[in-house]
Amino acid sequence: MEHRNKSFFILVLFLTTFIGTAFSSTSGVTRGFEIVTVNSTYTQDGGVQVLAKIIVNYPVDIVYKVINDFKNYGDFMPSFGKTKVTRENNNTKVKVNHNMPILGSFPCFMVIQENKKGDAVHIEFKTTICFFDKNEGYYSLSPINNGKETELIFSSYLKKDSIFVPKFIIKFVLKYAQKDVLGAIVKRIREIEKNTAKKG
C-alpha cells in the first residue's frame, strides 16, 4: 500500500509539472496553422482520445517530410530525446527516449505504418513499450486550396491502467501536448523553408 501511495504521489507531481510545462511551452511556439476543431472523448475501454483538425499553410509534401523525419525528432519535437529508426517494408520502427519532468528519460518503442492515396497520406503510430499502457494515434494529411495548404487531422489516444490517473488529467495533458507537437511541426517547416530560400 505504501509503495502504491508513493507511486501515486510521484505521478501527481509529474502531471502537475507537465501541465505547467505545457502551458509555458505552448505559448512560446511559433504558429503557422489554424485550429479548426479539437474534440476530446472518453473511450469505452477507459482511455482518452483527442482529435485535432487543423489547416497548415504549406503543401502536403512539405508537411509529410517533417512528420516522417523520425530520426531527427529529438531536434525539434517537445520532450523527445535521441531516436533510432529502422525500416522494414511498409513498417517503420522507432525507439525514442522521452524526457519528462520528475520521471526523467525513459524509452518508448513505436511502430509506424503509412498509406498513400494520390496526394493524401495517412500515418498511424502505436507504442509497444511505454510509460502509458496504450499510446497510439494517427496523422491524416489531405491537400486543399489547389494543393497550397494541408488539412491535417491529428488523433492521439492514451490509457494508463497500472497506476490510477484521473481521465480528465490525461485529457488535459494530451490536448496541450498535441498543440506543442503541431506547433513544433510548423516551426520546423518554417526553418527548412527559410534555409532553402537562403541557399537559393
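Residues numbered from 1 in each chain as written. Predicted model: local features only at pLDDT ≥ 70, side-chain atom pairs only at ≥ 80, totals over all residues. Heavy atoms only, no water.

Trainee: Before we go on, may I ask you to explain the packing of aromatic side chains in this structure?
Mentor: What describes a pair of aromatic rings is the distance from one ring centre to the other and the angle between the planes of the rings. Scanning all chains against the criterion turns up five aromatic pairs. Summarising the aromatic geometry, the rings of F125 and F154 are spaced 6.5 Å apart at their centres and angled 50 degrees between planes, so their arrangement reads as tilted. Here F125 is found in strand β6 (residues 120–129), whereas its partner F154 is found in strand β8 (residues 149–159), with 29 residues between them in sequence. Side by side, F125 and F154 carry an identical accessibility label, which is buried. (Phe/Tyr/Trp six-rings, centres within 6.5 Å; stacked < 30°, edge-to-face > 60°. Helix = DSSP H or I, 4+ residues; strand = E, 2+ residues; numbered from the N terminus. Buried < 20%, exposed > 50% of the residue type's maximum accessible area, 1.4 Å probe, protein only.)

Trainee: Just checking my understanding: could you explain the nonpolar core for this structure?
Mentor: Soluble globular proteins tend to pack their nonpolar side chains together in the buried interior. Among the nonpolar cores identified, the biggest contains 34 residues, and I67, M77, Y139, L141, L152 and I185 are the most heavily contacted of them. Filtering out sequence-adjacent residues up to four positions away, L141 remains in contact with V60, V63, Y64, I67, D119, A120, V121, T150, E151 and L152. Of all hydrophobic cores here, the second largest spans five residues; its members include V48, V50, L158 and L174. (Core = buried A, V, L, I, M, F, W, Y, C linked by side-chain atoms within 4.5 Å. Contact = heavy atoms within 4.5 Å.)

Trainee: For this particular structure, what's the right way to read the pairing of β8?
Mentor: In summary, the side chains of a regular strand alternate between the two faces of the sheet. Of all the eleven residues making up β8, eight are buried; the element is thus mostly covered by neighbouring parts of the structure. One ladder, built from nine bridges, connects strand β2 (residues 48–56) with β8; its direction is antiparallel. In the strand pairing of β8, I55 is matched with E151. Hairpin geometry of strand β7 (residues 134–144) and β8 is characterised by an intervening segment of four residues between the two adjacent antiparallel strands and by a positive phi of about 55 degrees at N145. (Pairing = 2+ DSSP bridges.)

Trainee: Help me understand the side chain of S155, please; the structure alone is not making it clear to me.
Mentor: Mapping S155 onto the fold places it in strand β8. Polar side-chain contacts of S155 include one of 2.9 Å to the side chain of Q49. (Polar contact = N/O pair within 3.5 Å; in protein donor to acceptor, adjacent residues only side chain to side chain.)

Trainee: Just to check I follow, could you spell out unusual backbone geometry for this structure?
Mentor: With the exception of glycine, most residues fall at negative phi, and the peptide bonds are largely trans. Phi is positive for N145, which is not a glycine, with a value near 55 degrees. With respect to the helices and strands, N145 occurs in the loop between β7 and β8. You will see that N146, though not glycine, has its phi angle at about 60 degrees, which is positive. By the element assignment, N146 lies in the loop between β7 and β8.

Trainee: Honestly, the pattern of salt bridges in this entry has me stumped. Any pointers?
Mentor: A side chain of one charge can pair with a side chain of the opposite charge if their charged atoms are brought near each other. Scanning the model with the defined rule gives two salt bridges in all. Here E151 ties to K53 by a salt bridge, and the two come within 3.4 Å at their closest N and O atoms. Separated by 98 residues along the polypeptide, E151 in strand β8 and K53 in strand β2 bring together distant segments of the chain. For K53, a relative accessible area of 28% puts it in the partly exposed group. For D69, the salt bridge is made with R188, and the minimal N-O distance between the two is 4.0 Å. (Salt bridge = Lys/Arg side-chain N within 4 Å of Asp/Glu carboxyl O.)

Trainee: Where do I start with the environment of C130 in this structure?
Mentor: Tracing the sequence through the fold places C130 in the loop between β6 and β7. C-alpha of C130 to C-alpha of V96: the two residues are 34 residues apart in sequence and 9.8 Å apart in space.

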